[in-house]
Amino acid sequence: MNQEEYDRKVETDNKDSGRVNSKIVRAEKAIHVSEVLNKLQSYSPEVVSTIFVSLDTSESDIDIVCTYQEQEAFIEEFESAYSGYEAYSLSPRNDHALGRFHCNQFLFEVYASKTPVQLQAAFRHYQVMKRLVKVGGNEFIDRIRQLKESGLKTEPAICRVLGISGEPYAAVLELERWSEQELKAHVANCI
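Treat the numbers as computed from the prediction; the structure is a model and nothing was measured.

K.L.:
Mind showing me how you'd approach the pattern of salt bridges here?
P.N.:
Two side chains with opposite charge may pair up if their charged atoms get near one another. For the coordinates displayed, the defined rule picks out six salt bridges. A salt bridge links Asp56 to Arg145, with the shortest nitrogen-to-oxygen separation between them at 2.8 Å. Residue Asp56 is located in the loop between strand E1 (46-47) and strand E2 (62-67), and its partner Arg145 is located in helix H5 (residues 121-149); the two are separated by 89 residues in the primary sequence.

Printed below as a string of structure tokens:
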């Protein structure tokens, strides 16, 4: 997704949800200034940050997932684009690379692997979060944020609010299978 497509998508998402806040606006500006969606366009970047579903805290960063065919090519392109930025780091592993940099008061974390973006856990979790926020509204958002402020990560907070047991990251992925009606009923019973 390039910057122009992303800008249109965010505008539509914000209009649909009625949730424009200053942090979202500042994060959108940071994405625009960093040009991350354009500079990494050949790696199918997708923003999966909790900021854009209002499940963020003051410590939330801008998370982006990418896919590559050749890790070395991604590493070279990422280094070329962001090695001069504050807080730059790049950690290649056997099956993925994790890059970080700071731009416009936001830490960016860019995760890339051979797995197509739409199949990556972070992308899938983000899709579930969007659905939960849509059916749970402000009360759901507030409950998750309170738990996150007390130290929980997003997925464990979701599981606690929804009364779901098991490993939180796998449990959130299980919610992909639930219909909107099932999600709505369950969330309504829990909040």
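K.L.:
I would appreciate a short explanation of the packing of H5 against helix H8 (residues 180-190) in the present structure.
P.N.:
Geometrically, a packed helix pair is captured by the angle between its two axes and the distance between the axes. Running from N to C, H5 and H8 point in directions that differ by 15°, and their axes come no closer than 9 Å. Taken as axis vectors, H5 and H8 run roughly parallel relative to one another. By crossing handedness, the relation of H5 to H8 is classed as left-handed. Residues Arg131, Leu132, Val135, Gly136, Phe140 and Arg143 of H5 form the contact with H8, whose participating residues are Glu180, Leu183, Lys184, Val187 and Cys190.

K.L.:
Looking at this structure, how should I read the side chain of Thr154?
P.N.:
Structurally, Thr154 can be placed in helix H6 (residues 154-162). Polar contacts involving the side chain of Thr154 include one to the side chain of Lys148, which spans 2.7 Å. When residues no more than four places from it in sequence are discounted, the contact partners of Thr154 are Thr50, Leu55, Met129 and Lys148.

K.L.:
Please explain the packing of H5 against H6 as it appears in this structure.
P.N.:
The interhelical angle for the contact between H5 and H6, taken along N-to-C directions, is 80°, at an axis separation of 10 Å. If you check the angle between H5 and H6, you find them roughly perpendicular. Touching His125, Met129, Leu132, Phe140, Arg143, Ile144, Leu147 and Lys148 of H5 are Thr154, Glu155, Ala157, Ile158, Arg160, Val161 and Leu162, all from H6. A class-by-class count of the residues in the contact of H5 with H6 yields nine nonpolar, two polar and four charged.

K.L.:
In this structure, what is going on with the side chain of Glu109? I would like to understand it.
P.N.:
Take Glu109: it is sitting in strand E5 (residues 106-113). Residue classification places Glu109 among the buried positions, given a relative accessible area of 18%. Reaching out from Glu109, the side chain makes a polar contact with the side chain of Arg100 at a distance of 2.8 Å. Contacts of Glu109, omitting those with residues within four sequence positions, involve Asp61, Ile62, Asp63, Ile64, Leu98, Gly99 and Arg100.

K.L.:
Explain unusual backbone geometry here, please?
P.N.:
The bulk of non-glycine residues show a negative phi, and the bulk of peptide bonds are trans. Unlike most non-glycine residues, Ala87 shows phi in positive territory, near 60°. Mapped onto the secondary structure, Ala87 falls in strand E3 (residues 86-92).

K.L.:
Help me out: how do you make sense of the sheet that holds E1 in this one?
P.N.:
Across a sheet, paired strands are connected by hydrogen bonds in the backbone, their directions being either parallel or antiparallel. Read from one edge to the other, the open sheet built from five strands follows the order E1-E2-E5-E4-E3, with strand pairing classed as mixed. Both edges of this open sheet fall to E1 and E3, since each of them pairs with a single strand only. Sheet topology note: the E3/strand E4 (residues 96-103) ladder contains five bridges and is antiparallel. Counterpart to Pro92 in the pairing with E4 is Ala97.

K.L.:
Help me out: how do you make sense of the pairing of E4 in this one?
P.N.:
A regular strand places its side chains on the two faces of the sheet in alternate fashion. In terms of residue burial, E4 counts as a mostly covered element, since six of its eight residues are buried. If you look at the hairpin formed by E3 and E4, you'll find three residues sitting between the two strands. Across eight bridges, the pairing between E4 and E5 is antiparallel. By the bridge assignment, Gly99 is partnered in E5 with Val110.

K.L.:
Where do I start with the environment of Lys29 in this structure?
P.N.:
Following the sequence through the fold, Lys29 ends up in helix H2 (residues 22-34). Here the alpha-carbon distance between Lys29 and Asn104, two residues 75 residues apart in the chain, equals 7.9 Å.

K.L.:
Before we go on, may I ask you to explain H2 in this structure?
P.N.:
For an α-helix, the turn length of 3.6 residues means that residues three or four places apart are oriented alike. Compared with an ideal rise of 1.5 Å per residue, which puts 13 residues at 18 Å, H2 spans 18 Å between its outermost C-alpha atoms and is within 8% of the ideal. Of the residues making up H2, those classed as buried are Lys23, Ile24, Ala27, Glu28, Ala30, Ile31 and Ser34. Axial view of H2: buried residues confined to an arc of 160°, hence all on one face. Turned more than 90 degrees away from the buried face of H2 sit Ser22 and Lys29, all of them exposed. A positive phi of about 55° marks Glu35, the residue just after H2.

Thresholds applied
Residues numbered from 1 in each chain as written. Predicted model: local features only at pLDDT ≥ 70, side-chain atom pairs only at ≥ 80, totals over all residues. Heavy atoms only, no water. Salt bridge = Lys/Arg side-chain N within 4 Å of Asp/Glu carboxyl O. Helix = DSSP H or I, 4+ residues; strand = E, 2+ residues; numbered from the N terminus. Axes fitted to C-alpha atoms, helices over the stretch in contact; angles between N-to-C directions. Parallel < 35°, antiparallel > 145°, perpendicular 65-115°, else oblique. Left-handed = near helix turned anticlockwise from the far one by under 90°. Contact = heavy atoms within 4.5 Å. Polar contact = N/O pair within 3.5 Å; in protein donor to acceptor, adjacent residues only side chain to side chain. Nonpolar A, V, L, I, M, F, W, Y, C, P; charged D, E, K, R; others polar. Buried < 20%, exposed > 50% of the residue type's maximum accessible area, 1.4 Å probe, protein only. Pairing = 2+ DSSP bridges. Expected span 1.5 Å × (residues − 1). Arc of directions from axis to C-beta.

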